[in-house]
Number of protein chains: 2
Amino acid sequence: MDSVSLSEVTAIRRTHLGFMHSFRQQFSGVPISPKFCSSKVDGPKATLSSNTKSQSVYGGNIAATADSGYKINGVNLKSRTLISSVKERLLLDAYDDEYGGVIVDHGKLPSNPFAFASMLRASLSDWRRKGKKGVWLKLPVEQSELVPIAIKEGFEYHHAEKRYVMLTYWIPEEEPSMLPANASHQVGVGGFVLNQHKEVLVVQEKYCAPSITGLWKLPTGFINESEEIFSGAVREVKEETGVDTEFSEVIAFRHAHNVAFEKSDLFFICMLRPLSDKIIIDGLEIKAAKWMPLVEFVEQPMIRGDKMFKRVIEICEARLSHRYCGLSPHRLVSTFDGKPSSLYYNVVDDDHDPSHSNCNTDYL
Amino acid sequence: MDSVSLSEVTAIRRTHLGFMHSFRQQFSGVPISPKFCSSKVDGPKATLSSNTKSQSVYGGNIAATADSGYKINGVNLKSRTLISSVKERLLLDAYDDEYGGVIVDHGKLPSNPFAFASMLRASLSDWRRKGKKGVWLKLPVEQSELVPIAIKEGFEYHHAEKRYVMLTYWIPEEEPSMLPANASHQVGVGGFVLNQHKEVLVVQEKYCAPSITGLWKLPTGFINESEEIFSGAVREVKEETGVDTEFSEVIAFRHAHNVAFEKSDLFFICMLRPLSDKIIIDGLEIKAAKWMPLVEFVEQPMIRGDKMFKRVIEICEARLSHRYCGLSPHRLVSTFDGKPSSLYYNVVDDDHDPSHSNCNTDYL
């Protein structure tokens, strides 16, 4: 079981900081130390020597095990501190976060479900007594048997990824939960690719709802994990049609809700410049692809009869006529982050010279 | 236990349809019927009468229970069909999706974990034999004891919400998994609010990383579940400062990765027009708020020294001077959806009349 690293169990922010994610990223990959949290850790934290199992503590042979291997912060136990050290060992290892909450160290969970149940209950009492607020409990897939135990204690699911599930517990009964939600949006991209013959690159999908069978549509798809919008759009067009393109700009985006798994959806319509012509379709998902005259594309009944579609095509056409400004990606580094990210905006024409604005750059 | 409804366990799309989410939304709230899926359901599906428990079948008194209450699609069993009906009853109730996969009916899960284990194993064999691909298993929080059982059978976590965890299983060993990922992005908004005295509305947060202590920043926050960007920005400013505003446009957005829970982040910088002046701060999260002269705001060392920040402020200033076009939200309904959603774009100046373009509209 790997030790906790801050990139996995991060100090949780309730408020979106805009460009300031510094606290998290600074410590990415570094094991959390209580020093880095703004809240003080309460009292000494027991450090169990690695060959000691929680179960032997739980079993009750305290004197023997204490003499043979227990320490508090590197100091051998004396009888006077025995009771408090026992209390400490019956608790789960956890760290304070910035909001008066705690993050359980998922690298030091007991493997025995009974020990876990007892330690969890004791820890919750201890945290409650200390006025702690939110509890974050990450359970790796290898310890899924602990999930029903945590649920029975009152934990709720927060989110899950392939190899773990995150559960939370909000302790203060008189306060509404301040725990932040997880990712709420899926992100898709669509590529509007026009060649010099005023033909737009379109596809027919293999799997589609009956109502849109036969429709020629723009290549679309989800962006991958940690993928850029500008890369994803180019990749999707390439995968579906075999055509190479160069990203130009985001010309519009659509925001919809309750789309999949009750989540929301952001769909970015991107203009891409074609760099090749030959079409090779992805036979897994695409039935057919072709270059279709733009006028024919917009005349499809399903497009013509749909307000959303029509508006998007109007925007694309406006961009072609230089009557429109999209948003272009710029890679910038924030000193708070230390990491690059993409800022999408129009080019600012500082000197009022129209040729410096991307509103006027040629599409092709 | 509620029956499965399509808004909860939806036909899962691998490809982003752009504006076409019709198949899902059409059937929202309606129990799934195999009729609506493009794949055929294989053979008759056993319908257990409601007073019959899976455990009794599992226990083995088949002749007796069959005579006393089992039917296949409303038809009493005869001895010839007994074996196949028994097989059916040892399987989990599930529906086909559009991609050759199955969705387990979470409303009909056995409560007995042993029965579940056996039925799950038998079902996996059955699905494998029938060439099924992806399996979706939604386990409500009330049945969390089934989680470790599913994990042991080889299921993986897909995502979780407060009241359930979704697990998946990809059956074909020779094919890469085609199951779509879950929501990948959190979405935040920041409000740039300038009054007629060229003062910008700024806040100091109570909880922040040490490196930004003392910084005056724009009000920012996450949008809520199913909330619009244009609503969220106005709400956040109101909550943090007490100031009423009117949404103008999205002037830029930032895309960053590995921000929280290894997810990505989209942050929309919005221009808002102030409708009031009085500041009342949210004492829970905000330390202080005020109207600060714009020149003083940009002169803060932390802003001046940060490329990202500087660029955003330049963009805001450009917009004030009419040298910039942001994206405004337009509510449109797609006939495929039947639902409204928001399309953000520049106003297209159809007749080349600059006054019709939002690039030139006054901010104040």
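One numbering rule holds for all chains: residues counted from 1, following each sequence as written. Throughout, the order in which chains and ligands are written sets their labels, letters from A for the former and numbers from 1 for the latter. Predicted model: local features are reported for residues with pLDDT of at least 70 only, side-chain atom pairs are reported and counted for 80 or more only, and whole-chain, interface and lining totals are derived from all residues. Excluded from the side-chain calculations are hydrogens and water; all other atoms, namely the structure's heavy atoms, are used.

**Student:** I keep staring at the sheet that holds strand β7 (residues 156-161) of chain B and nothing clicks. Help me out?
**Tutor:** What links the strands of a sheet is backbone hydrogen bonding, and the strands pair in either a parallel or an antiparallel sense. Residue and element names in this part refer to chain B. Two strands form a pair only when DSSP identifies at least two bridges running between them. Only DSSP runs of H or I with at least four residues qualify as helices, and only runs of E with at least two residues qualify as strands; both kinds are numbered from the N terminus onward. Taken in spatial order, the five strands make up an open sheet running β4-β5-β6-β8-β7, and their pairing is mixed. This sheet does not close on itself; its edge strands, each paired only once, are β4 (94-96) and β7. Looking at each pair of strands side by side, their axes are set apart by 20 degrees on average, direction ignored. Pairing geometry for strand β5 (residues 102-104) and strand β6 (residues 134-140), over two bridges, is parallel. Opposite Ile 103, over in β6, you have Trp 136 as the bridge partner. The axes used here are C-alpha line fits, helices contributing only the stretch in contact, and every angle between their N-to-C directions lies in the interval 0 to 180 degrees.

**Student:** Please explain the nonpolar core as it appears in this structure.
**Tutor:** Burial of nonpolar side chains together is a common tendency in soluble globular proteins. Residues Phe 192, Ile 229, Phe 268 and Phe 297 of chain A together with Ile 229, Phe 268 and Phe 297 of chain B are the most contacted members of the largest nonpolar core, which totals 97 residues. Considering every element that reaches this core, the biggest residue donor is helix α10 (residues 307-320) of chain A, with eight residues. By the convention used here, residues are in contact when the closest approach between their heavy atoms is within 4.5 Å. Leaving out residues up to four positions away in the same chain, Phe 268 of chain A has contacts with Val 187, Gly 188, Val 189, Gly 190, Ile 229, Val 250, Ala 252 and Phe 253 of chain A together with Phe 253, Leu 266 and Phe 268 of chain B. What we call a nonpolar core is a set of buried Ala, Val, Leu, Ile, Met, Phe, Trp, Tyr and Cys residues that are connected through their side-chain atoms within 4.5 Å. The buried label applies to any residue whose accessible area, calculated with a 1.4 Å probe on protein chains only, is under 20% of its type's maximum; exposed applies above 50%, and partly exposed to all values in between.

**Student:** Can you help me understand the confidence of the model for chain A in this one?
**Tutor:** In low-pLDDT segments, the atomic positions of the prediction should not be examined closely. All names here are of chain A. Each residue gets a pLDDT score, which is the predictor's confidence in that residue and runs from 0 to 100. Per-chain confidence: chain A averages 76 in pLDDT, with 68% of residues scoring 70 or above. The secondary-structure element of chain A with the lowest mean pLDDT is helix α1 (residues 22-26), recorded at 29, while helix α6 (residues 147-152) shows the highest, at 97. Counting interchain partners and residues more than four positions distant, the pLDDT-below-50 stretch residues 1-14 has 58 contacts. The model gives residues 348-358 a pLDDT under 50, and that stretch makes 18 contacts with residues more than four places away or in other chains.

**Student:** I tried to follow the packing of aromatic side chains on my own but got confused; where do I start?
**Tutor:** Each aromatic ring pair is described using two quantities: the centre-to-centre distance and the angle formed by the ring planes. Two aromatic rings from Phe, Tyr or Trp, using only the six-membered ring of Trp, form a pair when their centres are within 6.5 Å; if the ring planes differ by under 30 degrees the pair is stacked, by over 60 it is edge-to-face, and anything between is tilted. One pass over the structure, following the stated rule, counts eleven aromatic pairs over all chains. Consider the rings of Tyr 344 of chain A and Phe 253 of chain B, whose centres lie 4.5 Å apart with planes at 10 degrees: the pair is stacked. Linking Tyr 344 of chain A in strand β16 (residues 340-345) with Phe 253 of chain B in strand β12 (residues 245-260), this pair reaches from one chain into another. Taking relative accessible area as the criterion, Tyr 344 of chain A reaches 0% and is therefore assigned buried. For Phe 253 of chain B, a relative accessible area of 0% corresponds to the buried category. When the ring of Phe 253 of chain B is compared with that of Phe 268 of chain B, the centres are 5.5 Å apart and the planes differ by 40 degrees; the resulting orientation is tilted. With a gap of 15 residues between them, Phe 253 of chain B in strand β12 and Phe 268 of chain B in strand β13 (residues 263-274) connect regions that are remote in the sequence.

**Student:** Just to check I follow, could you spell out the pairing of β7 of chain B for this structure?
**Tutor:** Walk down a regular strand and you will see the side chains alternate between the two sheet faces. All names here are of chain B. Bridging between β7 and strand β8 (residues 164-170) involves five bridges; their strand directions are antiparallel. Residue Glu 156 lies in a different strand from β8, and its bridge partner there is Thr 168. Where β7 folds back onto β8 in an antiparallel hairpin, the turn is made up of two residues.

**Student:** Teacher, can you tell me more about the environment of Ile 251 of chain A here?
**Tutor:** With respect to the element layout, Ile 251 of chain A can be found in strand β12 (residues 245-260). Separated by 87 residues in sequence, Ile 251 of chain A and Gly 338 of chain A have C-alpha atoms that sit 29 Å apart. Here Ile 251 of chain A is in contact with Ile 269, Met 271, Ile 315, Cys 316, Arg 319, Tyr 324 and Gly 326 of chain A together with Leu 327, Tyr 344 and Tyr 345 of chain B, once residues within four sequence places are set aside.

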